[in-house]
Amino acid sequence: MSLYTKDFLLDGKIIYLQPKKGYRSGIEPIILAAQCKKKYLDVLDMGSGCGSIALICAYRYPKSKIIGFEKNITHFKLAKKSKDQNKFNNLEFIKKDACKYDKNYKDCFDLILTNPPFFFEGEVIISQNKSLYDSRYISKEKLNAWLDNMVNYLKPNGKAFIINRYDNLKTMLIKLRELKCKSIIFPICSFKGSKPKNVLVEVNKNDKYVEKTENEIIIHTKSSNYSKDIKHWFK
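Residues numbered from 1 in each chain as written. Predicted model: local features only at pLDDT ≥ 70, side-chain atom pairs only at ≥ 80, totals over all residues. Heavy atoms only, no water.

1. With respect to unusual backbone geometry
Applicable threshold: To qualify as a helix, a DSSP run of H or I must reach at least 4 residues; to qualify as a strand, a run of E must reach at least 2; elements of each kind are numbered from the N terminus. A simple rule labels every residue: compare its accessible area, found with a 1.4 Å probe on the protein chains alone, to the largest value its type can have, and call it buried under 20%, exposed over 50%, or partly exposed in between.
The phi dihedral of Leu10 is positive, around 55°, even though this residue is not glycine. Take Leu10: it is sitting in the loop between strand S1 (4-9) and strand S2 (14-19). Take Leu10: its relative accessible area is 3%, and that puts it in the buried class. Phi is positive for Lys87, which is not a glycine, with a value near 60°. In this fold, Lys87 is placed in the loop between helix H3 (73-86) and strand S5 (91-95). Here Lys87 falls in the exposed class, since its relative accessible area comes to 73%.

Structure below.
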């Protein structure tokens, strides 16, 4: 019996393999992948999971070089298998822990897209499923290391986008202030007028800290359909 499912991204354009039991992609990779543009030639999916963000970027921008870092061996193997089945030659997955700095990638990327684990260890009951554990749980110290590495891996004037829980925004901004990054905040709301559960943060490598909040990203309409932006990003 297969331990993974064969799914599809972008209305069937991309083959995507993910575990039957464990980490399975939600809306976050769709939002993050939508931030990639043609002008970004060197792109990192930092903590790539089973590769959904990197796969979408590789499909949309064949002239860009896309790299995915992932430490979980199951996710890493599935990402590589998906890459091979889609025959993408501009995409590489590397088994690497995003929390451990690698000097070989300093000042390397125009764009970094990342969705770090969003529950802090010691504050919630932790799953014993290895796939879920690696994708959901992190210490505050390791999240800070993740952000440190992210900024170090960006080229001068490079840009990153992070999605995480809205409750973790304060922790992230304290670190980004220390790193002197311009941080633009986009609350993510299930419906217009609802409290944000998640947040998208645009991070610009800079020489001073600037913080700015922009309009919300709305996931659903009143009728529970996807909003216009989300529908567009799924294509």
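Still to come is the rest of the account.
2. Section: the state of the cysteines
Quick note on the threshold: Criterion for a disulfide: a pair of cysteine sulfur atoms at a distance within 2.5 Å.
According to the stated counting rule, one finds zero disulfides in the structure shown. A disulfide-free cysteine, Cys57 has its sulfur positioned 3.9 Å from the sulfur of Cys36, the nearest such atom. On the accessibility criterion, Cys57 (1% relative accessible area) is buried. Between Cys181, a cysteine without a disulfide, and Cys99, which holds the nearest cysteine sulfur, the sulfur-to-sulfur distance is 17 Å. By relative accessible area, Cys181 is classed as buried at 1%.

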